[in-house]
Amino acid sequence: MERKFFVGGNWKMNGDKKFINELVECLKKCPIEQSVEVVVAPPTIYLDYTKSIVPQNVQVAAQNSYKVAKGAFTGEISPAMIKDIGIDWVIIGHSERRNVFGENDNLIAEKVAHALETGLSVIACIGEKLEEREAGQTEAVVFQQVKAIAGKIGEWKNVVIAYEPVWAIGTGKTATPQQAQEVHQKLREYIKKEISEKVAKEIRIIYGGSVTGANAKELAKEKDIDGFLVGGASLKPEFIDIIKANK
Ligand code: PEP
C-alpha cells in the first residue's frame, strides 16, 4: 500500500478569526492533489470555526487532548469533545507539550491510546533534544518514545508519526534531508522489528522542524519521509508550496 503524502499545519497559539479567514482563503485557492492529505491544527477555541470554513479537502486537528472522556480536569478537552464537533484528528506529544508543559512518555502514550479508542486519528510527535543528539542518543530517545506508545496501543492504522527533532523546531535550523532520512529509516526498521512488517510498511513518518517552502521539496525526495508537520510556515502562503512538495 502506498503511503499517502501528509502535510500538517500546526498553528500553535497563533491567529484570530480574521487571520484564519485569510489563511483559509489562501488554502481554497490552492488546488490540492488527491495524492496529498492536508490537516490544519488551529488553537482549541477556533477548532469549530475553522472546521466550518475549510474546504472539504482540508481536514482539521486539535493540538492536544486529555486521556479520559470527561471529568474534573479544568482546562482540558477530551477526544469525545473533538469528535463531537466533527473533527477527526489530534496532535499528541508535541515537543512543546513535552518540554513546556512537562508531559512524559507515559502520559502521551495514554493520551494516544484514548484518542484512538475514541475514533480519532493521531499525529504522534517524537524527537530528540540537541544535547541528546550531541550525546549520540537520538535513536535511543526516539525508539523509547515509540516503545512507550506501542505499550499502550495495538492498532497503528490511524497513527501518523511526526519525527520532530527539538533543536529544529521553530529555530530555522532544519535537519538536512540526510539527517532526517537516517532517523526515519531507523524508525521504520525499529517498527518492523518491534511491532510488525506491515505497520513499518504502511505507517507514515513525517518530518517536522523548520520546514519551509524552500526546503520541503528536497526533504520530500527522501524515501522514508512521508510528509511534514509544519509550524511557522503553516501560517504563511508558502504552506501551499509545502503541500505541493511531493510533486
Ligand atoms: C512544529 O511546531 O511542529 C514545528 C515543526 O514548528 P516549525 O515548523 O516552526 O519548526
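Rules used throughout
Residues numbered from 1 in each chain as written. Predicted model: local features only at pLDDT ≥ 70, side-chain atom pairs only at ≥ 80, totals over all residues. UniProt positions renumbered as here; feature names shortened; annotations may be inferred. Core = buried A, V, L, I, M, F, W, Y, C linked by C-beta atoms within 7 Å. Buried ≥ 20, exposed ≤ 12 C-beta atoms within 10 Å, placed from the backbone. Contact = placed C-beta atoms within 7 Å. Helix = DSSP H or I, 4+ residues; strand = E, 2+ residues; numbered from the N terminus. Pairing = 2+ DSSP bridges. Right-handed = clockwise from strand over helix to strand, strands pointing away. Expected span 1.5 Å × (residues − 1). Arc of directions from axis to C-beta. Axes fitted to C-alpha atoms, helices over the stretch in contact; angles between N-to-C directions. Parallel < 35°, antiparallel > 145°, perpendicular 65-115°, else oblique. Left-handed = near helix turned anticlockwise from the far one by under 90°. Nonpolar A, V, L, I, M, F, W, Y, C, P; charged D, E, K, R; others polar.

- The name given to the protein chain in an unreviewed UniProt entry is Triosephosphate isomerase, with the source organism recorded as Maconellicoccus hirsutus.
- Checking UniProt for the protein chain, the heading Subunit (unreviewed entry) contains the comment "Homodimer."
- The UniProt entry for the protein chain carries this comment under Catalytic activity (unreviewed entry): "D-glyceraldehyde 3-phosphate = dihydroxyacetone phosphate".

**With respect to the nonpolar core**
Part 1: Counting 66 residues, the largest nonpolar core has Ala61, Val90, Ile123, Ala124 and Ile242 as the members making the most contacts within it.
Part 2: In this structure alanine 124 touches Ile92, Gly93, Val112, Ile149, Val159, Ile161 and Ala162, once residues within four positions along its chain are discounted.

**Thoughts on the pairing of strand 3 (residues 58-62)**
Part 1: In terms of burial, strand 3 is a largely internal element, four of the five residues being buried.
Part 2: In terms of strand pairing, strand 2 (residues 36-41) meets strand 3 through three bridges, oriented parallel. Note on strand 3: the bridge partner recorded for valine 39 is glutamine 59.
Part 3: In this view, the connection linking strand 2 to its parallel neighbour strand 3 by way of helix 2 (residues 47-53) has right-handed handedness.

**A short note on helix 8 (residues 177-194)**
Part 1: End to end, helix 8 covers 25 Å across 18 residues, agreeing with the expected 26 Å (1.5 Å per residue, within 8%).
Part 2: Along helix 8, the residues classified as buried are Ala180, Val183, His184, Leu187 and Ile191. In a view along the axis of helix 8, the buried residues occupy a sector of 100 degrees, so they form one face of it. The outward face of helix 8, more than 90 degrees from its buried face, is lined by the exposed residues Gln178 and Lys193.

**Some words on the packing of helix 5 (residues 105-118) against helix 7 (residues 138-150)**
Part 1: Interaxial distance between helix 5 and helix 7 falls to 8 Å at its minimum, and their mutual angle equals 45 degrees. By the angle between their directions, the pair helix 5 and helix 7 is classed as oblique. The hand of the helix 5/helix 7 crossing is right-handed. In this structure, helix 5 uses Asp105, Asn106, Ile108, Ala109 and Val112 to contact helix 7, whose residues at the interface are Gln144, Gln145, Ala148 and Ile149.
Part 2: For the contact of helix 5 with helix 7, the class distribution of residues is five nonpolar, three polar and one charged.

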